[in-house]
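These are the residues of each chain, in order.
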Amino acid sequence: MSRVKAVSLKDRKRSGEKIAVLTAYDFPSAKLTDESGVDVILVGDSCAMVVMGLPDTLGITMDEMVHHVRMVSRGSEHALVVADMPFLSYQISPEEALRNAGRFVAEAGAQAVKLEGPASKFGGAIEAILNAGIPVMGHIGLTPQSVHQFGGYKVQGRDPESRKRLKEEAKGLEEAGCFAIVLECIPADLAGEITSSLTIPTIGIGAGAACDGQVLVMHDILGLGAYTKFSKVFGDARFVMQKAFQDFVREVKSGTFPDKDHQY
Ligand code: KIV
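**Side note on the site of the ligand**
In step 1: Around the ligand, the surrounding shell consists of T23, L42, G44, D45, S46, D84, K114, H139, V182, I205 and V217.
In step 2: One nitrogen or oxygen atom from the side chain of S46 is found 2.5 Å from an oxygen atom belonging to the ligand.
In step 3: When the free accessible area of the ligand is taken as 260 Å², the share hidden by the protein chains comes to 95%.
In step 4: Of all the cavities here, the one that holds the ligand is the largest pocket.
In step 5: A per-class count over the shell around the ligand returns 4 nonpolar, 4 polar and 3 charged.

Set out below in structure tokens:
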């Protein structure tokens, strides 16, 4: 099976086939998500929180993200690998944005990058990256890199003014050339209106069922991350891992491991 292409996601929107996106951060999680049939693996800067234990996404560096994207690229064959551009890797200048996006492709093997915020702020960065031939995914709504400006992780687009702004931002990102847009934590009806106003797909997280696709953080669906209203635990990896670790400790302490079957 050939790899999913950024440009081909538009066809899924047209045909009505929903797009499944999961985050992954290393070789084994990329291999498992890829083999499960996800269309897109996002190496999210959520890595900062769910893998590195940081309080928010602001502290992960470009070098750290490159390290994780390299592992994911090696573990995936079918899914499109999208690298999340970390805080301050694209905001300072279009030149820096292009250099950093280029590192994700050339050093780490990603096929696309994602950045947070509207084209009215980062259009120059988007244009520079696209001009180099790298597809760009947009991300609006609750953009976690702006958590301090928002005053917390709050649903966006609840009042008429911010609804209007988000619709304009989505259109702006489409016009800037993004191949898809993540809509994070906005009311479902607003996400529906945005989705039907665009020709490029929307990928929702906490944005309801009308989006063209859905993305969730891998650790959250495995019960290893945060419990939020919009996420769902699809499998209890916490229980499986804890039981395996506890059984190992018990068997080592009691001398039942290794038994004859596990030694030379
Ligand atoms: O960093 C991330 O994982 C993300 C998704 C939650 C959209 O940006």
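Next comes the rest of the account.
**A word on unusual backbone geometry**
Only a minority of non-glycine residues have a phi that is not negative, and only a minority of peptide bonds are not trans.
In step 1: With an omega of -5°, the peptide bond between F257 and P258 qualifies as cis.
In step 2: Locating P258 in the fold gives a position in the segment after α11 (237-254).
In step 3: Positive phi is not limited to glycine here, since L88 has a value of about 70°.
In step 4: On the basis of relative accessibility, which here comes to 43%, the residue L88 falls in the partly exposed class.

**Comments concerning the pattern of salt bridges**
In step 1: Within the structure shown, the criterion is met by 16 salt bridges.
In step 2: The partner of E193 in a salt bridge is K167, and the shortest N-O contact between them spans 2.6 Å. Residue E193 is found in helix α9 (residues 188-197), and its partner K167 is found in helix α8 (residues 160-176); the two are separated by 26 residues along the sequence.
In step 3: Its relative accessible area of 35% is what places E193 among the partly exposed residues.
In step 4: A single salt-bridge network, built from bridges that share partners, covers R163, K167, D189 and E193.

**Looking at α9**
In step 1: For α9, the complete set of buried residues consists of L190, A191, G192, I194 and T195.
In step 2: In the core, the buried residues of α9 are packed alongside α1 (9-15), α8, β6 (180-184) and β7 (202-205).

**Quick word on the domain arrangement of the chain**
In step 1: Along its sequence, the chain is organised into domain 1 (9-233) and domain 2 (238-264).
In step 2: Put simply, the middle of domain 1 and the middle of domain 2, counted by C-alpha atoms, are 39 Å apart.

**Describing a nonpolar patch on the surface**
In step 1: A cluster of nonpolar side chains, namely F248, V249, V252 and F257, defines an oily patch on the protein surface of about 350 Å² accessible area.
In step 2: Along the chain, the position of V252 falls in helix α11.

**Some points on the layout of surface pockets**
In step 1: Empty space within the largest pocket amounts to approximately 710 Å³.
In step 2: Every residue lining the largest pocket is counted, 36 residues in all, and those nearest its centre are E184, C185, I205, V217 and F230.
In step 3: Lining the second largest pocket we find 21 residues, and of these P118, K121, T143, S146 and Q149 sit closest to its centre.
In step 4: Counting residues per element, the ones that place at least two in the lining of the second largest pocket are α6 (119-131), β5 (136-141), α7 (147-150) and α8.
In step 5: Looking at the lining of the second largest pocket, its residues break down into 7 nonpolar, 10 polar and 4 charged.

**Looking at the sheet that holds strand β8 (residues 213-216)**
Pairing between sheet strands relies on hydrogen bonds along the backbone, with the strands arranged either parallel or antiparallel.
In step 1: In spatial order, the strands read β1-β2-β3-β4-β5-β6-β7-β8; together these 8 strands close into a barrel with parallel pairing. Averaged over all neighbouring strand pairs, the angle between strand axes comes to 25°, with direction disregarded.
In step 2: In the sheet, β7 pairs with β8 via 2 bridges, with the strands oriented parallel. Of the residues in β8, the one forming a bridge with I203 is G213.

**A few points about the packing of aromatic side chains**
In step 1: Evaluated as defined, the whole model comprises 2 aromatic pairs.
In step 2: On the numbers, 5.3 Å between centres and 80° between planes, the contact of Y90 with F122 is edge-to-face. Highlighted residues: Y90 in the loop between β3 (80-84) and α5 (94-106) and F122 in helix α6, separated in sequence by 32 residues. In this structure, Y90 and F122 share a single accessibility class: buried.

Here is what the cut-offs are and how they apply
- Residues numbered from 1 in each chain as written.
- Predicted model: local features only at pLDDT ≥ 70, side-chain atom pairs only at ≥ 80, totals over all residues.
- Heavy atoms only, no water.
- Near = heavy atom within 4 Å.
- Polar contact = N/O pair within 3.5 Å; in protein donor to acceptor, adjacent residues only side chain to side chain.
- Areas by Shrake-Rupley, 256 points an atom, 1.4 Å probe, with all protein chains shown as cover.
- 1 Å grid on protein atoms, 1.4 Å probe; cavity = no way out; pocket = protein on both sides within 12 Å on 5 of 7 lines; lining within 4 Å.
- Sits in = over half its atoms within 2 Å of the grid points.
- Nonpolar A, V, L, I, M, F, W, Y, C, P; charged D, E, K, R; others polar.
- Helix = DSSP H or I, 4+ residues; strand = E, 2+ residues; numbered from the N terminus.
- Buried < 20%, exposed > 50% of the residue type's maximum accessible area, 1.4 Å probe, protein only.
- Salt bridge = Lys/Arg side-chain N within 4 Å of Asp/Glu carboxyl O.
- Contact = heavy atoms within 4.5 Å.
- Domains from an automatic or database assignment.
- Patch = residues over 30% accessible without salt bridge, like charges linked within 9 Å, V, L, I, M, F, W, Y side chains within 5 Å.
- Points joined across faces, edges and corners; volume = space filled by probe spheres on them.
- Pairing = 2+ DSSP bridges.
- Axes fitted to C-alpha atoms, helices over the stretch in contact; angles between N-to-C directions.
- Phe/Tyr/Trp six-rings, centres within 6.5 Å; stacked < 30°, edge-to-face > 60°.

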